[in-house]
Amino acid sequence: MIIIKKILFLFLFLILLQGCLVFNSVSYEVNLTDINTGTVSMYVKDIRSDALDASELEKDKQQLFQDMLKGKDFVDQLKDQGRNILSRNLYVENGKLNGSVEYSFNDISSVENFVYQDPFYFVTLNPTDSIISTNGEVVVSKDYKRIMWDKSVKTLKFEMFSTDTENSNLVELVQYFDKEKQE
């Protein structure tokens, strides 16, 4: 789990900054313009809070619905990291609160620990991380899992499991999102 947070730093930063928000899965679609530049579309499914009291829940709601979804400081921080936010969105699908963000980059290494070493792109994960799907090749060793793509592939995709959000005591945020949209 620690490696997932490290590998998927951007979305954790975007949607889960302070660690009180959790999600079921995250997917990436990296669209390459050339070898080192392009755009990323990220999708997070079933965002919830693990808040234990009303105060923590209010902080999570503020952080998600105001700071990250609408805040300019957030966009500026990511720009300093080489990620230019093109869009960010929260939406409800199948009764679950989901999120998406799209950003452009000028250096593939600014995309969640991606590496380009001719002739491959790859991302390295913890051996216990759960890859749901990918259009790359998964290489497994006792020390790591790696997803690799040949440089001829122009769209790099993968989805990873994060947390079992069903049958848990996590707070569903979809009920607050509808209220936020109306205000």
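Each remark here, short or long, concerns the structure printed above.
Residues numbered from 1 in each chain as written. Predicted model: local features only at pLDDT ≥ 70, side-chain atom pairs only at ≥ 80, totals over all residues. Heavy atoms only, no water.

Some details on the overall build of the chain
So the rule is basically this: In this text, helices come from DSSP runs of H or I with a minimum length of four residues, and strands from runs of E with a minimum of two, each type numbered from the N-terminal end. Burial classes: relative accessible area under 20% of the type maximum marks a residue as buried, over 50% as exposed, and values in between as partly exposed (1.4 Å probe, protein chains only). Only heavy atoms matter for contacts: two residues are in contact if any of them lie within 4.5 Å across the pair. Here the Shrake-Rupley method, with its probe set to 1.4 Å, supplies the accessible areas, and only the displayed protein chains count as covering residues.
Tallying secondary structure elements over the chain gives 5 helices and 13 strands in all. Residues classed as buried in the chain amount to 42% of the 183 residues present. Residue pairs in contact within the chain that sit at least 24 positions apart in sequence constitute 62% of those at least 6 positions apart. Within the structure as shown, the chain displays about 9500 Å² of accessible surface, and the carbon and sulfur contribution to it stands at 49%.

Focus on the packing of aromatic side chains
This is how it is decided: Put simply, two rings from Phe, Tyr or Trp (the six-membered ring, in Trp's case) pair if the centres are within 6.5 Å, and we call them stacked under 30 degrees between planes, edge-to-face over 60, tilted for the rest.
Under the criterion given, the structure shown has 6 aromatic pairs. Summarising the aromatic geometry, the rings of phenylalanine 114 and phenylalanine 158 are spaced 6.2 Å apart at their centres and angled 45° between planes, so their arrangement reads as tilted. Note that phenylalanine 114 is positioned in the loop between strand S6 (96-105) and strand S7 (115-117) and phenylalanine 158 in strand S12 (residues 155-161), a separation of 44 residues in sequence. Classification of phenylalanine 114 by relative accessible area gives buried; the value is 1%. Residues tyrosine 116 and tyrosine 121 carry aromatic rings whose centres are separated by 4.6 Å and whose planes lie at 45° to one another, so their mutual orientation is tilted.

Quick word on the nonpolar core
Applicable threshold: Side-chain atoms within 4.5 Å link the members of a nonpolar core, which is a set of buried Ala, Val, Leu, Ile, Met, Phe, Trp, Tyr and Cys residues.
Core analysis: the biggest nonpolar cluster contains 39 residues, and Val30 and Phe114 have the highest contact counts within it. Once residues lying within four places of it in the same chain are set aside, the contact partners of phenylalanine 114 are Val30, Ile108, Ser109, Phe122, Val123, Trp149, Leu156 and Phe158.

Let's talk about the pattern of salt bridges
Stated precisely, the cut-off is as follows: Between Lys or Arg on one side and Asp or Glu on the other, a salt bridge is scored when a side-chain nitrogen of the former is within 4 Å of a carboxyl oxygen of the latter.
Here the structure, examined in full by the defined rule, presents 7 salt bridges. Residue glutamate 166 is joined to arginine 48 by a salt bridge in which the shortest nitrogen-to-oxygen separation is 3.6 Å. In this pair, glutamate 166 sits in the loop between S12 and strand S13 (171-172) while arginine 48 sits in strand S4 (residues 48-49), placing the two residues 118 residues apart along the sequence. The exposure class of arginine 48 is buried, given its relative accessible area of 4%. Aspartate 118 is the partner of lysine 151 in a salt bridge, and the nearest nitrogen-oxygen pair spans 3.1 Å. You can see lysine 151 sitting in the loop between strand S11 (145-150) and S12 and its partner aspartate 118 sitting in the loop between S7 and strand S8 (120-125), a full 33 residues away along the chain.

Looking at the sheet that holds S12
Worth spelling out the cut-off: Strands were regarded as paired on the criterion that DSSP finds at least two bridges between them. Geometry is summarised by axes, namely lines fitted to C-alpha atoms with helices restricted to the contacting stretch, and by angles between N-to-C directions that run from 0 to 180 degrees.
Spatially, the 6 strands line up as an open sheet ordered S5-S6-S3-S2-S12-S9, and their pairing is antiparallel. At either margin of the open sheet sits one strand with a lone partner, and together these are strand S5 (83-93) and strand S9 (131-134). Between one strand axis and the next, the sheet turns by 15° as a mean value, whatever way the strands run. Bridge count for strand S2 (residues 25-32) against S12 is 7 bridges, and the pairing is antiparallel. In the strand pairing of S12, glutamate 29 is matched with lysine 157.

Let's talk about helix H3 (residues 54-70)
Rules: Helix span, as expected, comes to 1.5 Å for every residue beyond the first. To get the bend at a given residue, fit one axis to the seven residues ending there, fit another to the seven starting there, and take the angle between those axes. Pairs of N or O atoms are called polar contacts if they sit within 3.5 Å, as long as, within protein, a hydrogen donor faces a hydrogen acceptor (for residues adjacent in sequence, only side-chain-to-side-chain pairs).
Compared with an ideal rise of 1.5 Å per residue, which puts 17 residues at 24 Å, H3 spans 22 Å between its outermost C-alpha atoms and is within 8% of the ideal. Considering bend angle alone, the principal kink of H3 is centred on glutamine 63 and spans about 35°. Buried within H3 are the following residues: Leu57, Asp60, Lys61, Gln63, Leu64, Phe65 and Met68. Between the side-chain oxygen of the N-cap and the backbone nitrogen of serine 55 there are 3.1 Å, and the N-cap of H3 in question is aspartate 53.

Observations concerning the sheet that holds strand S1 (residues 21-22)
Taken together, 3 strands build an open sheet; the order of strands is S1-S4-S13 and the sheet is antiparallel. Every interior strand has two partners, whereas the edge strands, S1 and S13, have only one. Here S1 runs beside S4; their pairing, made up of 2 bridges, is antiparallel. Across the sheet, leucine 21 pairs through a bridge with serine 49, a residue of S4.

Things to note about the environment of glutamate 159
You can see glutamate 159 is positioned in strand S12. Along the sequence, glutamate 159 and tyrosine 43 sit 116 residues apart, while their C-alpha atoms lie 8.9 Å from each other. Among all residues touching glutamate 159, those that are not within four sequence positions of it are Ser25, Val26, Ser27, Lys45, Ser130, Ile131, Ile132 and Ser133. A polar contact is formed between the side chain of glutamate 159 and the side chain of serine 25, at a distance of 3.1 Å. Within polar-contact distance, the side chain of glutamate 159 engages the side chain of lysine 45 at 3.3 Å.

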